[in-house]
Amino acid sequence: MNPKEILEQARDAFSVRRVYGEPIERDGVLWVPVAAVVGGGGAGGGEGRPAETAPPGTGAGGGWAGVARPVGVYVIGGGQVRWRPAVDVNLAILGGQAVLIVGLLVVRSVLRARRRRA
């Protein structure tokens, strides 16, 4: 696969189709799921050869990667459009743990400072 084909695949993968899912209609309400898509890619090629090799050198390569995560859904019905964010429970738990650890470190520092004064 040449670098141009790789980059074309990456471009197709990171399109608006990846962000807005297929709309779902139920009971007269239209739900449009939305995701955040992040990615990147690169490619390279070469010709010639290093001085220490006998056969002529050529080369090409590349790759790409991407990540998509749900961020919410648009709810369209009754003449209104509403946004319903997706709740990332894992991120909320991680944030709570970080706050707890920082709080415990602050309490420990305060207690140590009080012991030194006494």
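All chains use their own residue numbering, which begins from 1 and follows the written sequence. Confidence filtering applies because this is a predicted model: local features only for residues at pLDDT of at least 70, side-chain atom pairs given and counted only at 80 or more, and all residues used for totals across whole chains, interfaces and linings. Side-chain numbers come from the whole structure's heavy atoms, not from hydrogens or water.

**Quick look at the overall build of the chain**
Here's step 1: In DSSP terms, a helix is any run of H or I states spanning at least four residues, a strand is any run of E spanning at least two, and both are numbered starting from the N terminus. Check the secondary structure of the chain and you find three helices and four strands.
Here's step 2: Listing each helix as α and each strand as β along the chain from the N terminus yields α-α-β-β-β-β-α.
Here's step 3: In the chain, which comprises 118 residues, the proportion classed as buried is 10%.
Here's step 4: It only takes one pair of heavy atoms within 4.5 Å for two residues to be counted as in contact. The long-range share in the chain, meaning contacts at least 24 apart out of those at least 6 apart in sequence, stands at 50%.
Here's step 5: Here the Shrake-Rupley method, with its probe set to 1.4 Å, supplies the accessible areas, and only the displayed protein chains count as covering residues. Counting every atom, the chain has about 9,500 Å² of accessible surface; 59% of that belongs to carbon and sulfur. Exposure is judged per residue with a 1.4 Å probe applied to protein chains only, and the accessible area is read against the type maximum: over 50% gives exposed, under 20% gives buried, and values in between give partly exposed.

**Re the sheet that holds strand β3 (residues 58-77)**
Here's step 1: With respect to topology, four strands assemble into an open sheet ordered β1-β2-β3-β4, the strand pairing being antiparallel. On the outer flanks of this sheet lie β1 (24-26) and β4 (80-85), each paired with one strand and no other. On average, each strand axis in the sheet is inclined to that of its neighbour by 25°, with strand direction left out of account.
Here's step 2: Here strand β2 (residues 29-47) runs beside β3; their pairing, made up of 18 bridges, is antiparallel. Its bridge partner being in β3, G45 is matched across the sheet by A60. Strand pairing is defined by DSSP finding a minimum of two bridges between the two strands. Simply put, an axis is a line fit to the C-alpha atoms, just over the touching stretch for a helix, and the angle between two N-to-C directions goes from 0 to 180 degrees.

**Observations concerning the pairing of β3**
Here's step 1: In terms of strand pairing, β3 meets β4 through six bridges, oriented antiparallel. Bridge pairing in β4 places I76 opposite V81.
Here's step 2: Hairpin remark: β3 followed by β4, antiparallel, with two residues in the connecting loop; positive phi at G78, about 65°.

**Some remarks on a nonpolar patch on the surface**
Here's step 1: Each patch is built from salt-bridge-free residues with over 30% relative accessible area, joining like charges within 9 Å and nonpolar side chains (Val, Leu, Ile, Met, Phe, Trp, Tyr) within 5 Å. A pair is scored as a salt bridge if a Lys or Arg side-chain nitrogen falls within 4 Å of a carboxyl oxygen belonging to Asp or Glu. A cluster of nonpolar residues, Y20, Y74, I76, V81 and W83, forms a patch on the protein surface that exposes about 450 Å² of accessible area.
Here's step 2: Within the residue set of the nonpolar patch, elements represented by two or more residues are β3 and β4.
Here's step 3: Within the fold, W83 resides in strand β4.
Here's step 4: Judged by relative accessible area, W83 falls into the partly exposed class, the value being 37%.

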